[in-house]
Amino acid sequence: EEKGEKFTFQTEVNKLMNIIINSLYSKKEIFLRELVSNASDALDKIRFLALTNADLLGEGEQSNLDIHIKIDKANNVLHITDKGIGMTKEELVKNLGTIAQSGTKEFIKKVSDSAESSNLIGQFGVGFYSLFLVADSVVVTSKSNDDDQYVWTSDSQSSYTIAKDPKGNTLGRGTRISLHIKDDSKEFLDQQVIKQLVKKYSQFINFPIYLYVSEEVEVPKEEQEQPISDEKDTEEETTTTEEGEEETAQEPVEEEKKTKTVYKWEELNDSKPLWMKAAKDVSKEEYTEFFRSLSKTQDTPITYSHFKTEGDTEFRSILYIPENPPSNMFDLDAAGSGLKLFVRRVFITDNLKELVPNWLRFLVGVIDSDDLPLNVSREMLQQNKILEAIKKKVIGKFISMVKELSEEEDKTKYHDFFKKFGSSLKLGAIEDQANKKRLTKYLLFPSSKEELTSFADYVGRMKEGQDQIYFITGKSKDSVEASPLIEQAIKRGYEVLFMVDPIDEYLVPQLDKFDDKFKFTNLARSGVKFNEDKEEEDQRKQTAEEFKPLISYLKKTLSDKLEKVVVSKVLADSPSILVSNSWGVTANQERIMKAQAH
Ligand code: ADP
Ligand code: MG
């Protein structure tokens, strides 16, 4: 018997297998989600390539892009077969024997000795090797358009073999994963269990998933009568009479139902994409489940919007604001966003940076365009006008979602959202000139009167005659609250906004007058003028006169450290303070610049 070539797994693969086995033994069932998702990815790939070369799909049955699951109870084997892109011999070695992505390698390093690995691993696609949670050996049979059919086998976690399939190119194109199920995992050979798992984890796969099921069916009358001989019929009648049931026999005898076991392929999922349905036909639970399948989390989105645009750009979309920001939200080198791009139902890419601006990278969802050409290339996408139009509409949609959230009766929901994504909104207000004004409306800040307030609410509480929005920048709410710089404003009854998020320093210079009326005034700068009445003015002038000698002394002795020394209009109770002039860097800016230099 041909044994094939023997290979050993890359050490990272062993490590990953160990992490998976040790941290996910209680969630063994996820192996099916991973294998079905790989099958779906492989189908996406061949469908994408076929856009420019339809011949790649093959003919007849082979061109039906689908997934088949079959249980072989007698041999304890579960088969998952797809008509996807398949793997060449070389790809089998590379994809199933090594870990190529540096991100995954990094991840393995981080968690291999960590007790928290099961938490971390939950947020990470665990992939192919999760099959070892339920299988003690696996046979992968794969046929790519670019090679003959090969068989990859592994029955240990240290090595595998590869051989050309002696049976020939039986698959046409695609991959079959055959799992020999461990004794302690026999439940995965039960068709009901498989059905439930597909429903639970794979209901939004956009290719049909079939399971080979057995079913007890009633044998139709016509079929029943034909094979039964007359003789036998008579015998049965006699038996009844012999048992002495003559009396009841006069009533219509209830016929004994004949059943037989039939086998058939049953479709388990509804492969019509959710976004193609009318919003009224989709339940809240379905939207949540769809979000979970996209985000690979068990989170519940803060809000979502399912819409279809018409006119110059036509696309359908479901957009979600996730429960939690992604961990790489501000890593601008990270690939793409949480958005998947489809063109007329065909998956194109999930790492297109141009789909949303940087500040909206946290959005999760799908966009399915009717206008983009099917044979899009990456280069084309990067400078496509249609894409620009899509981006514009997505931003607009996002802002309306934010508006709705902010208008909800229960303010805590918007506050929660803002605590998680407020920095992104501010980044939007800084970077996106076209939407600056709209976004500014939804910004919140802590203040001397409120836990969080918008500019509009601040204006609503303004004192008679107040014509400016007072704020102070700084390191934390506590530190600015205690700052002598706000004393005068507070004493005069003015509310002060506390701009203590590091990004606020970049936001402030971008702010125009709010509502075209109200100037923003930074109390951390000199030259702040409150409207003094005559009495106050006289008082200050008199003080200035009294303190002339001290001021000239300070100017002289500290001339290399200070630009000027004045009698303050800002302080109420504190004796003195250092401030920045109205155009230089503030102390807080200096603090941030220092932090960034490290
Ligand atoms: P990921 O799906 O995140 O890339 P996996 O561990 O799930 O990681 O799979 C590793 C690789 O093996 C995939 O990237 C793919 O190249 C290959 N692969 C796995 N299953 C299949 C399949 N059914 N058809 C084609 N290629 C596959
Ligand atoms: Mg995978």
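Residues numbered from 1 in each chain as written. Chains lettered and ligands numbered in written order. Predicted model: local features only at pLDDT ≥ 70, side-chain atom pairs only at ≥ 80, totals over all residues.

Enquirer: What is the right way to read the nonpolar core from this model?
Expert: Where a protein is soluble and globular, its nonpolar side chains tend to be buried together. Ranked by size, the top nonpolar core spans 64 residues in total, and within it L363, I472, V496, L497 and L523 carry the most contacts. Ranked by residues supplied to this core, first place goes to helix 13 (residues 411-431) with 7 residues. Those residues in contact with L363, other than ones at most four positions away along the chain, are L319, Y320, I321, S337, G338, L339, V356 and F398. Counting residues in hydrophobic clusters, the runner-up holds 51 residues, among them I20, L92, F107 and F188. (Core = buried A, V, L, I, M, F, W, Y, C linked by C-beta atoms within 7 Å. Buried ≥ 20, exposed ≤ 12 C-beta atoms within 10 Å, placed from the backbone. Helix = DSSP H or I, 4+ residues; strand = E, 2+ residues; numbered from the N terminus. Contact = placed C-beta atoms within 7 Å.)

Enquirer: For this particular structure, what's the right way to read the pairing of strand 15 (residues 468-473)?
Expert: Each regular strand displays side chains that alternate between the two surfaces of the sheet. The buried fraction of strand 15 is high, at 5 of 6 residues. Judged from the 4 bridges that link them, strand 15 and strand 17 (residues 519-522) form a sheet pairing that is parallel. In the strand pairing of strand 17, F471 is matched with N522. Here strand 15 pairs with strand 16 (residues 496-499) via 4 bridges, running parallel. Looking at the pairing, F471 lines up with L497 of strand 16. (Pairing = 2+ DSSP bridges.)

Enquirer: How should the sheet that holds strand 15 be read in this particular structure?
Expert: Within a sheet, neighbouring strands are paired by backbone hydrogen bonds and run either parallel or antiparallel to one another. Ordered by their spatial adjacency, 3 strands build an open sheet running 16-15-17, and the pairing between neighbours is parallel. Looking at strand neighbours, the two that pair on one side only are strand 16 and strand 17, the edges of this open sheet. Neighbouring strand axes in the sheet, compared pairwise and without regard to direction, differ in orientation by 35 degrees on average. (Axes fitted to C-alpha atoms, helices over the stretch in contact; angles between N-to-C directions.)

Enquirer: Is there a simple way to think about helix 4 (residues 102-111) in this case?
Expert: Looking at helix 4, one finds that the buried residues are F107, I108 and V111. Projection of helix 4 onto a plane perpendicular to its axis shows the buried side chains occupying an angular sector of 100 degrees, all on one side. Those residues of helix 4 that are exposed and aimed more than 90 degrees away from the buried face are S102, E106, K109 and K110. (Arc of directions from axis to C-beta.)

Enquirer: In this structure, what is going on with the packing of helix 2 (residues 30-50) against helix 6 (residues 191-202)? I would like to understand it.
Expert: The description of two helices packed together rests on the angle between their axes and the distance between the axes. Contact pair helix 2 / helix 6: the axes reach a minimum separation of 9 Å and the direction vectors enclose 65 degrees. Judged by the inter-axis angle, helix 2 sits roughly perpendicular to helix 6. Considering the relative orientation of helix 2 and helix 6, their crossing is right-handed. For the pair formed by helix 2 and helix 6, the contact residues are L32, R33 and V36 on the first element and L197, Y201 and S202 on the second. For the contact of helix 2 with helix 6, the class distribution of residues is 4 nonpolar, 1 polar and 1 charged. (Parallel < 35°, antiparallel > 145°, perpendicular 65-115°, else oblique. Left-handed = near helix turned anticlockwise from the far one by under 90°. Nonpolar A, V, L, I, M, F, W, Y, C, P; charged D, E, K, R; others polar.)

Function-wise, these values are silent; they only describe arrangement.
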